[in-house]
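These are the residues of each chain, in order.
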2 protein chains.
Amino acid sequence: MTETDPLVLFMPSGKRGRFPVGTTVLDAARQLGVYVESVCGGRATCGRCQIEVQEGHFAKHGITSAEEHISPLGAKERRYAEVRTLPAGRRLSCSATIKGDLVVDVPPDTVVNAQVIRKATSDRLIERNPAIQLCYVEVDEPDMHKPLGDLDRLNVMLERDWGFRDLLVASHLLPKVQGILRKGNWAVTAAIHRDVETDRPHLVALWPGLHNEAYGIACDIGSTTIALHLVSLLSGRVIASSGSANPQIRFGEDLMSRVSYVMMNPDGREAMTRAVRQAINELIEKACIEGGIDRQSILNATFVANPIMHHLFLGIDPTELGQAPFALAVSGALDIWARDVDLSLNPGARVYMLPCIAGHVGADAAAATLAEGPHRQDRMMLLVDVGTNAEIVLGNRHRMVAASSPTGPAFEGAEISGGQRAAPGAIERVRIDPATLEPRFRVIGVEPWSDEEGFAEASETTGVTGICGSAIIEVVAEMYLTGIITEDGVVDGTMAARSPRILETGRTFSYLLHQGAQTITVTQNDVRAIQLAKAALYAGIKLLMEKLGVDSVDTIRFAGAFGSFIDPKYAMVLGLIPDCDLAEVKAVGNAAGTGALMALLNRNHRREVEETVRTIEKIETALEPRFQELFVNAMALPNKVDGFPNLAAAVTLPERRGGGSDTGDGGGRRRRRNRE
Amino acid sequence: MTETDPLVLFMPSGKRGRFPVGTTVLDAARQLGVYVESVCGGRATCGRCQIEVQEGHFAKHGITSAEEHISPLGAKERRYAEVRTLPAGRRLSCSATIKGDLVVDVPPDTVVNAQVIRKATSDRLIERNPAIQLCYVEVDEPDMHKPLGDLDRLNVMLERDWGFRDLLVASHLLPKVQGILRKGNWAVTAAIHRDVETDRPHLVALWPGLHNEAYGIACDIGSTTIALHLVSLLSGRVIASSGSANPQIRFGEDLMSRVSYVMMNPDGREAMTRAVRQAINELIEKACIEGGIDRQSILNATFVANPIMHHLFLGIDPTELGQAPFALAVSGALDIWARDVDLSLNPGARVYMLPCIAGHVGADAAAATLAEGPHRQDRMMLLVDVGTNAEIVLGNRHRMVAASSPTGPAFEGAEISGGQRAAPGAIERVRIDPATLEPRFRVIGVEPWSDEEGFAEASETTGVTGICGSAIIEVVAEMYLTGIITEDGVVDGTMAARSPRILETGRTFSYLLHQGAQTITVTQNDVRAIQLAKAALYAGIKLLMEKLGVDSVDTIRFAGAFGSFIDPKYAMVLGLIPDCDLAEVKAVGNAAGTGALMALLNRNHRREVEETVRTIEKIETALEPRFQELFVNAMALPNKVDGFPNLAAAVTLPERRGGGSDTGDGGGRRRRRNRE
């Protein structure tokens, strides 16, 4: 290419280069490393290589109409547009050739067949570069003069047309190649798997004729819930999403009880492995039915999970993870056959497991990191996934640390007297009137607040059955703000004089939140449980901040279900998280699932997460004496921790009245030396 | 290294280099690419790295005693010699260091444990460089500060101590690594498989502690017989050999009847695949019992077979091989999991299938070529394996051609009136007295010839039951030499006047070879069958010679059972093979099995056979009009073929008498143009 050749700019990647007039747009993209799908290899039959040409962008070059700069619709494209559909403005990049300067949009997805289209699982635009590539080839017929085998002649064409050299072949295809080639009248579509660019490509599936679709699964195996997305690997579209309870719950509600089950039962590990694999297979079946596709079309799957789920899924005994030194059997990323983990997909389907960060910080945290990308930015990001353990990642492109903190199950409503899962009937929002100490609350499944008209009627079916994780945070925060509990977390008995809702229960006091078919109180023990949980979380975060030598973070991301429900304001009031501009505190939902999806659609993201996990510094809270100090100090409301002005007072909430404590900066009272 | 450093010469490879004083002999070998085994990684515990130091060879350098040039026996070696055995003169190359110029012998095998030692299957010295390497490593214990997984810490050591980067891991090991590391107290032996040097190494097996042995299988799947060797991959020793009838015989005696069986029976292919795999498993079991080893210790296997056996073993429908264009489904070499072809070996065992040359010239011919090595020499070699088809390879390092010729089953005794397999009771040698036309013969299992004293008694148990392949050649040649048949192959009825053994049978005549419990005659049809077979063989050979433009060959190798029994002199009399110095006509037995063994013990031989098969020019006799002409002309006794003086007359045999034809050069009578 020369200085005078047309300049072509590809969006959104921004890659650009000059190409001789007559170059196809597809060739130009390939030369620049811009990923544009193509199954048919430039025959204008698959329709996968669609692009759009922008107009007017090159104004300074005198472009006003793109038509002058790209070849007109040719015979092949017209034929494709007639037989299939080519949306207005779209061109087939294998046929359209460059005539002058161009700005080319590579669309995030390309509709080829009428599909059941789901709302994308995330607004994120994931650039595609999947580990699976479909390649249509026309193979020479057998020739007695050149007695290469059928498979070997196929390989010749995969090298000639697609550049795949020294192909490996999945064994199960050996007996099938012969018949498929003949059925396709010597035209076939091969699925080539190559994850690491320098590895030999692997022929994993083969179909007669043009096979124009391949699917993938991105799955997050949570302790409680398994969620997966079924995605087109060729268009990037999410075809269906499904989720179900993890059937391992019957072996133990939380992670540690499942580890105990393995320790106590000789067949425990095997039973749980079988259960989770079966549940995943059922979920895949459900997604396939919903999306109207054959599970044989699924060629790749990515999995994320916490370390114990990760091990159980792989059939590895998780016992070691239940005791120091919390040794993972496998921490690095894995690329294995789907059939080796009993998944009923295409027999050539591969599974990619994202890497675990540490014994308590799993592939789910790694995937959430990949999705939220602290390593891609300069701003200091705190990423928190709260479960029985809180997985915490802190850092930016320069340095990252991660730890797990033993929050226990209080945040999930367990070990709380009125606690329950988020379900209809559960209280999810709470406000306490600072003057009267009367509560008002909102119940899942019921539109009006408890003090609004129509609540009684609206809540008739659901009832008021308990209090879920988000409301526990709120009620304790409100109790603190209204002075019902002191900064030490004691339910103040003297308040009983002001309100009949302060009940004496033995030596301690409780707050009566609701009296009905079910009486819901917040006991001293409940407050203590929340104090312990928040202290553990905050101490873990603070420890990491000290490791990085920072005393504030720029942005906070709550991953997971807990994060989706709690109100960041209250989290800050209680001191769960350090101060941060409230606008920068975001719940990001199933970020782990999004990370799995990114790794599914683009193998560069696999290298990215592997490298990121390698560079993250792993902190084991159990080994840090400083953690204990931070923990003790974080028991107070708000935290008595150095250098972190707690913004509770600044947050727009009902003003705190009564009670004793100063709501201002709780720091500075006791100076501590940072031991690191 | 500098000019003044000691010079070290390794034998038998002849590789040499200068190394600083103090370098271990093992390091020197590795730097020169000389393969010396080591499992323990230089800890002087496995004993695999034994070498011998030659004395006196460097006389010109003033070496008289090697002792001055190599370090004395150190503490580690002495300990090894006490605990195990270190034969006199042997040193452990990981401990012995270079002091001065040295000639080092790398012994072909190294005894470490008392093994059942079998005579080597061939005298050939096979330099070892197996695809499997055992690597002992000591792995860091889990560390909460560095939470790498067990497997990942193992990988760190395999890279640090053995240089294996980016290891792939066999899925079945994932659940086991944890337990094996702990059982070995963090010391383990890993089996790494890497066939192609540039591929990522693959962790395929793992044992606690030092595991000092790995075995392999080299197997030749013949239509009639399956033969295999069980070999130590670390010492190169053949531990046991076993063979059995191919159970597919029950589906069809010869190849084509088995293909027919597949065509006629929907489950035929599957049944035959199952049968052959089961037979191989049983043979492996037998060899393991004989060698006293556990089949779990078998990590690698190589297979050779003719194309139809090759396909059936792999589970591929062979129907296409039974009809033009004789298309192989797979011709190239394959490297697959042993479990994918139902072999019960170590779950991480790999199978290497040698490449096929063409639709009728299989991996067995490729392996025989590897073993005999025409491509490694300047002399023109003819390599023939006679079965129902004759597989013929001709050439030298400059150019090679191959073809298959349809000899039919006559040479194997089928379609011959008195024909039978080589078994006790079968006539295997025949001479006919030229004066009296009386025969004398020898019977398998009977020491004296039929005209010698004691024959009657000696043959009482066996009887005289038929005539086997080698004797058919001889009797027809003798009938020709004594004038009983003419050069056109007609049993000469006029000879009946000279001997009552010439019998009139309808319109033709027969020769009465033996009258007893069983009457054995050689009929006109028998002679015709042999004529057709030898004409096919000779025409195939001649076609290849014409392709290469040569009119003689330097050496002839008969591979396979047929070659082992026939007398080259008679083969030449009948015109099965072109003229050649008789001393250069050799039966090489199961050369295919030897080739399989070479590919098992040294992966460089795999690349060699792959490259050789690629460069061999494949000739399809069915497409060559010239073949028909050659065939017709080769019907005569001896062949009427241009330019090939048949040496029948020169061979030291009873002089030919009577009959009509000139026994001299049958060539030159009819000049033909070479159509190529």
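As the structure is a prediction and not an experimental result, all values here were calculated from the model.

Moving on: the interface of chain A and chain B. Interface size is often expressed as the accessible area that is lost when the parts come together. With 39 residues of chain A at the contact, the number on the chain B side is 40 residues. Among the elements of the structure, α3 (150-162), α4 (177-183) and β14 (334-337) of chain A are those that each provide at least two residues to the side of chain A that touches chain B. Looking at the side of chain A that touches chain B residue by residue, the classes come out as 21 nonpolar, 8 polar and 10 charged.

Here we come to helix α10 (residues 469-481) of chain B. Residues spaced three or four apart along an α-helix face the same direction, because each turn holds 3.6 residues. All names here are of chain B. Its 13 residues place the ends of α10 19 Å apart at the C-alpha level, agreeing with the 18 Å of an ideal helix rising 1.5 Å per residue. Burial analysis of α10 places 13 of its 13 residues in the buried class, the great majority of the element. Backbone geometry just after α10 places glycine 483 at a positive phi near 80°.

On to the sheet that holds strand β17 (residues 390-395) of chain B, then. All names here are of chain B. Strand order in the open sheet formed by 6 strands is β26-β25-β16-β17-β18-β27, and the pairing between neighbours is mixed. Across the chains shown, the open sheet's two edge strands, defined by having one partner strand only, are β26 (585-587) and β27 (617-619). Across the sheet, the mean angle separating the axes of adjacent strands is 15° when strand polarity is ignored. Here strand β16 (residues 381-386) runs beside strand β25 (residues 555-559); their pairing, made up of 5 bridges, is parallel. If you follow leucine 383 over to β25, its bridge partner there is arginine 557. Packing against the sheet, helix α11 (residues 524-548) makes contact with β16, β17, β18 (400-405) and β27, and its axis sits at approximately 160° to β18.

A few words on the relation of the copies chain A and chain B. Overlay of chain A on chain B (RMSD 0.1 Å): rotation 180°, translation along the axis 0.0 Å. Such a turn and shift between the copies fits a two-fold axis. Taking C-alpha positions as reference, the residue of chain A nearest the rotation axis is Asp199(A), located at 3.6 Å. Both copies share a contact surface, since 100% of the interface residues of chain A are interface residues in chain B too.

This part covers the environment of Glu452(B). Among the structural elements, Glu452(B) can be located in the loop between β20 (439-443) and α9 (455-458). Separated by 10 residues in the primary sequence, Glu452(B) and Arg442(B) have C-alpha atoms spaced 9.8 Å apart.

All names here are of chain B. Remark: helix α8 (residues 363-372) packs on helix α14 (residues 591-601), axes separated minimally by 7 Å, with the N-to-C direction vectors making an angle of 75°. Judged by the angle between their axes, α8 and α14 are roughly perpendicular. Of α14, the residues touching α8 (which contributes Asp364, Ala367, Ala368, Leu370, Ala371 and Glu372) are Ala591, Ala592, Thr594, Gly595, Ala596, Met598 and Ala599. For the contact of α8 with α14, the per-class residue count stands at 9 nonpolar, 2 polar and 2 charged.

Here we take up the domain arrangement of chain A. Residues and elements named next belong to chain A. When the domains of chain A are assigned, the result is domain 1 (7-105), domain 2 (114-353), domain 3 (367-409 + 530-649) and domain 4 (413-528). Spacing between the C-alpha centres of domain 3 and domain 4 amounts to 28 Å. On the side of domain 4, 19 residues touch domain 3, which itself brings 16 residues to the contact. Ranked by the residues each element gives to the side of domain 3 that touches domain 4, the list is headed by helix α13 (residues 568-574), at 4 residues. Class assignment of the residues belonging to the side of domain 3 that touches domain 4 gives a composition of 13 nonpolar, 2 polar and 1 charged.

Take the nonpolar core next. In this structure, Ala367(A), Ala402(A), Ala596(A), Ala367(B), Ala402(B) and Ala596(B) are the most contacted members of the largest nonpolar core, which totals 379 residues. Not counting chain neighbours up to four residues away, the residues in contact with Ala367(B) comprise Val304(B), Leu354(B), Ala592(B), Gly595(B), Ala596(B) and Val609(B).

Pro325(A) follows Ala324(A) through a cis peptide bond whose omega is 0°. Considering the arrangement of structural elements, one finds Pro325(A) in the loop between α7 (307-314) and β14. Across the junction of Met11(B) and Pro12(B), the peptide omega takes the value 5°, indicating a cis bond. For Pro12(B), the location among the structural elements is in the loop between β1 (7-11) and β2 (16-18). In the Ramachandran plot, Asp342(A) falls in the positive-phi region, its phi being about 65° despite a non-glycine side chain. On the secondary structure map, Asp342(A) appears in the loop between β14 and β15 (350-353). Of note, Leu437(A) is a non-glycine position whose phi angle comes to about 65°, a positive value. Position of Leu437(A) relative to the elements: it lies in the loop between β19 (426-432) and β20 (439-443).

Thresholds applied
Residues numbered from 1 in each chain as written. Chains lettered and ligands numbered in written order. Predicted model: local features only at pLDDT ≥ 70, side-chain atom pairs only at ≥ 80, totals over all residues. Contact = placed C-beta atoms within 7 Å. Helix = DSSP H or I, 4+ residues; strand = E, 2+ residues; numbered from the N terminus. Nonpolar A, V, L, I, M, F, W, Y, C, P; charged D, E, K, R; others polar. Expected span 1.5 Å × (residues − 1). Buried ≥ 20, exposed ≤ 12 C-beta atoms within 10 Å, placed from the backbone. Pairing = 2+ DSSP bridges. Axes fitted to C-alpha atoms, helices over the stretch in contact; angles between N-to-C directions. Least-squares fit on C-alpha atoms with pLDDT ≥ 70 in both. Parallel < 35°, antiparallel > 145°, perpendicular 65-115°, else oblique. Domains from an automatic or database assignment. Core = buried A, V, L, I, M, F, W, Y, C linked by C-beta atoms within 7 Å.

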